[in-house]
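So you can see what is in the structure, the chains are spelled out below.
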Amino acid sequence: MALLSSSLSLPHHPLLYFPTKSIPLDFSLSATANSHDSSPLMQGSKIERIRGLFEHMKLSVSAYDTAWVAMVPSLSSSNGASPLFPECLTWVLENQYPNGSWGLCNNHPHLIKDSLTSTLACTLSLKKWNIGEDYINRGLNFIGSNIKFADDENQLSPIGFDVIFGGLLGNAIELGLNLPFSTHFIETMLLKHSSEIRRLSGSNIERDMAYLAYIAEGCSKLLEREKLLKYQQKNGSLFNSPSATAAAFTHFHDSKCQDYLHQLLEKIGNGVPATYPFDIYTRLYMVDCVERLGVARHFGDEISVILDDTYRCWLDNDEELFSDISTTAMSFRLLRMNGYDVSSDSLGHFKEENFFPNPEEGNHTIVNTVLEMHRASQITILPNEPVLEKLHSWSSHFLKQQLIKMDKQPAVVVQDIAREVEHTIMFPCYSMLERLENRRYIDQCGADNIRIAKTAFKLNKISNKDMLEFAIEDFQLCQSIHQKELELLDRWVKEWRLDQLKFARQKLNFCYFSVAATLFEPDFGAARISWAKNAILTTVIDDFFDIGGSKEELENFIDLVQGWDENAVVHYCSENVQIIFFALQDVINELGTEAFTHQGRDVKHHLIEIWLRFLHSLMKEAEWLRNKIVPSLDEYIKNGYVSFALGPIILPALYFVGPKLSEEVVTHPEYENLFHLTSICGRLLNDIQGFEREKNEGKLNSISLFMKHVHGASEEEAMKHMRGVIDRSRRELLRKVVCARGSVIPRCCKDLFWNMTRILHLFYSTNDGFTSPHEMLHSVNAVIHEPLVPLVISCDEAHGPPTPVCP
């Protein structure tokens, strides 16, 4: 049956930050191989500007945090009568929106709560130093006009809003601000503030105590110095938060807090971000971004530098990396998938009960960070990784619960998060096809890249116009090549009359999609054609052995392949045998000739051996069925992983992805092991999804054999056992793919096996996606046919002047 047939002692963060010329009929396999080299994509200044982003990522300035730093008094002045950082006060004066507000975006429909806290904080900073009366009045007018949104459940709520906004109200009253709303509203907000502080301060749970310290600016007058500064990091900050650190210094005059703030202003300038430092996270986010956009191959040197630097930080237990959950999780995922030796034990110190303010709130940022943790939890490569297993179980449950809650919230931004959560749950990393993910990410990349912690912020350069345009052009270039290759394959099928075989399923689109969705780069045209032609042939030949051919025809066909180089008179016992053999002969000869130019040696004999091994496995299955022989489960699996047909599809394509593969490499045990693990996943996934159909057809299947040979085993037990084998095989395969130590197979070759496993998991995620293809049509069209026209809307363009950024 063919493949495509039927423990650190750091003070940890209590919250979850960040959480796109025609081809002749006698097309050469390398005709499209270098078609991108002369493309304008690789010329001009656009790509150079993008390269510059890797070292110059910027966070948006946080008006909220800048205001808190502006309120820090100079201890050298009489009674703290002047600001320690007047430059921050200058920023506040220079960055009020025309409507009187401060914040990330002007009039963003779902960030009004954030605008309220930012505007009140900025207003207080001006009032404290008795400057900017007109600015203060405009700010108060904005607050008064929008205060109704403070209780609006459809607004995105900053973390700790009740405590922080209530604390700001208390400060406003002390400073004598004429607040433009009712006494009843003020009393209600102050009651929420005091109630929440009492709840948190009376708790002995580490999570609550850390949370209270994180939102210290909302209650610093009520906190004890020792309880607050126990969360101080080596750089002097509280959780890398300028606002919390500014409040702590204001009330406790801690020199380390002061040093942190001075260093922050020296580095950043007069407007500060919502978190600092942020270098590791933003650089990793850039790597993740170009990978998800599908353009990482253009920035290999930049990515290597960032990952090498990150790995050094990992080995050094760097505080910036390990004190932030999102940064740790993303580091783990990217490093492990790129072959760095990182242990999942480093994620073990992040415990649910220690860092959430309240998991039930499902804050925007919490959900984003749990998504990052969930992605990391899927990168399992060892038989036993309890940290990842526990993290995966918990994060899956959390995200599913949040999905139910978010479904009831109409806010557009929340619904975007809900779609991301739903997609992540539905498609684990081992069933995501790269090109589908690239397209989805490009489609979404034009939307605001807004994150919300205590205030809203964004990585401004991630939605950079050059980067998005570059990704679209690249996708469109690859898509145009894919369309031409598909046209070539269609002509090839007709030329060799494969479409005239009535018994054979015609699966051209799906065979080509399976490779175009993963091996999409222009350089790999030869590998795609090899993969697709062999996939088409394995499907036809599987059907021939299954239903289309007599015993005489099958034996005749195998004899023809075995006698490939003999000069004896050739006999075809039927037209079907002749059609299939001629097509196979064409493919092997063509691939052999093309492979010689890539490898510098003759590999045709190896291609024939691959096909003969597959054909003999099909013949054995045909004999079992014809003679009503029931093999043991071990016999079935030993034969079935070969008959699943991945050999003719993957193995020849390895010759066309770059490195030269010697005879010693292709006969090395590692080569066979990669093939075996991938094929076991495919065979058992196919058997699970095709069990009912094959049972009705009287065909052999690992599920039915397990039930037969394991006394008393139920269908459910058989399914569970096979899923366990799939899981263990997939883990072992990924370990062999990502680990370079002791490996003789080049990484780019090993990736083909992992890509095939992802294809298999997608095809067989809910049913036999190849035999019942309707659910796959949308994916095929998205990768090959549908033009990419993303909707680009940014917060700045939609709602006002450009968002200021930290230098």
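Definitions and limits used
Throughout this document, residue positions are counted from 1 along each chain, in the order its sequence is written. Restriction of local features to residues with pLDDT of at least 70 applies here, the model being predicted, together with a cutoff of 80 or more for giving and counting side-chain atom pairs; totals for whole chains, interfaces and linings are based on all residues. As a rule here, side-chain values cover all heavy atoms of the structure and leave hydrogens and water aside. Elements are defined by DSSP. Helices are runs of H or I of four residues or more, strands are runs of E of two residues or more, and each kind is numbered from the N terminus. Summary of the burial criterion: residues with accessible area below 20% of their type's maximum are buried, those above 50% are exposed, and those between are partly exposed, where the area comes from a 1.4 Å probe applied to protein chains only. Calculation of accessible area relied on Shrake-Rupley with a 1.4 Å probe; when residues are assessed, cover is drawn exclusively from the protein chains displayed. Axis definition: a line fit to C-alpha positions, over the contact stretch in the case of helices; interaxial angles, taken between N-to-C directions, run 0 to 180 degrees. Angles are sorted into four bins: roughly parallel if under 35 degrees, roughly antiparallel if over 145, roughly perpendicular if 65 to 115, and oblique for all others. Two residues form a contact once any of their heavy atoms are found within 4.5 Å. Residues are grouped as follows: Ala, Val, Leu, Ile, Met, Phe, Trp, Tyr, Cys and Pro are nonpolar; Asp, Glu, Lys and Arg are charged; all remaining types, including Gly, are polar. Throughout this description, a polar contact denotes any pair of N or O atoms lying within 3.5 Å of each other; where both atoms belong to protein, one of them has to be capable of donating a hydrogen while the other can accept it, and for residues adjacent in sequence the pair is counted only when both atoms sit in side chains. Here, nonpolar core refers to any group of buried Ala, Val, Leu, Ile, Met, Phe, Trp, Tyr and Cys residues whose side-chain atoms link them within 4.5 Å. What pLDDT conveys is the predictor's confidence in a given residue, as a value from 0 to 100. Crossing handedness follows the turn of the near helix against the far one: under a right angle anticlockwise gives a left-handed crossing, and clockwise gives a right-handed one.

Caption draft 1: Examining the overall build of the protein more closely. Secondary structure summary: the protein contains 36 helices and two strands in total. Classification of the 807 residues of the protein by burial places 60% in the buried group. Carbon and sulfur atoms make up 51% of the accessible area of the protein, which amounts to about 31,700 Å² in all.

Caption draft 2: Focus on the environment of Arg723. As for its placement among the helices and strands, Arg723 is situated in helix 33 (residues 715–738). Its relative accessible area of 47% is what places Arg723 among the partly exposed residues. Along the chain, Arg723 and Ile688 lie 35 residues apart, while their C-alpha atoms are 8.4 Å from each other.

Caption draft 3: Structural context of the packing of helix 30 (residues 669–689) against helix 34 (residues 747–763). Two elements in contact, helix 30 and helix 34, have axes whose closest approach is 9 Å; the angle formed by their N-to-C orientations is 5°. What the angle tells us is that helix 30 and helix 34 run roughly parallel. For the pair helix 30 and helix 34, contact is made by Glu670, Tyr671, Leu674, Phe675, Thr678, Cys681, Gly682 and Leu685 and by Lys750, Phe753, Met756, Thr757, Leu760 and His761, respectively. Counted by class, the contact of helix 30 with helix 34 contains eight nonpolar, four polar and two charged residues.

Caption draft 4: Summary view of the environment of His374. Mapped onto the secondary structure, His374 falls in helix 17 (residues 364–377). With 50 residues separating them in the primary sequence, His374 and Thr424 have C-alpha atoms 8.5 Å apart. Among the polar contacts made by the side chain of His374, one reaches the side chain of Ser395 at a distance of 2.8 Å.

Caption draft 5: Region of the structure containing the environment of Phe322. Mapped onto the fold, Phe322 is located in helix 14 (residues 319–322). Considering only alpha carbons, one finds Phe322 and His349, 27 residues apart in sequence, at a separation of 9.6 Å.

Caption draft 6: Region of the structure containing the side chain of Arg333. In this fold, Arg333 is placed in helix 15 (residues 325–337). Judged by its relative accessible area of 12%, Arg333 is buried. Side chain to side chain, Arg333 and Glu372 meet in a polar contact 2.9 Å long. The residues contacting Arg333, other than those within four sequence positions of it, are Asp288, Glu372, Arg375, Ala376 and Ile379.

Caption draft 7: Structural view of the nonpolar core. If you look at the biggest cluster of nonpolar residues, it comprises 262 residues, and the most contacted ones within it are Phe513, Phe545 and Phe557. In terms of residues, this core owes the most to one element, helix 23 (residues 525–548), which gives twelve residues. In terms of nonpolar packing, the next biggest core, distinct from the first, is built from seven residues, Cys105, Leu111, Leu156 and Ile452 among them.

Caption draft 8: Quick look at the confidence of the model for the protein. Averaged over all residues, the pLDDT of the protein equals 87, while 87% of them reach at least 70. Under a pLDDT of 50 for its full length, residues 3–44 has, in the predicted model, 159 contacts with residues more than four places off or in other chains. Every residue in residues 795–805 scores below 50 in pLDDT, and together they form 32 contacts with partners more than four places removed in sequence or on other chains.

Caption draft 9: Broad picture of the packing of helix 2 (residues 63–70) against helix 4 (residues 112–128). Two elements in contact, helix 2 and helix 4, have axes whose closest approach is 8 Å; the angle formed by their N-to-C orientations is 20°. With respect to their mutual orientation, helix 2 and helix 4 come out roughly parallel. Crossing hand, helix 2 versus helix 4: left-handed. Here Ala63, Tyr64, Ala67, Trp68 and Ala70 of helix 2 come into contact with helix 4, specifically with Thr117, Ser118, Ala121, Cys122 and Ser125. Split into classes, the residues belonging to the contact of helix 2 with helix 4 amount to seven nonpolar, three polar and no charged.

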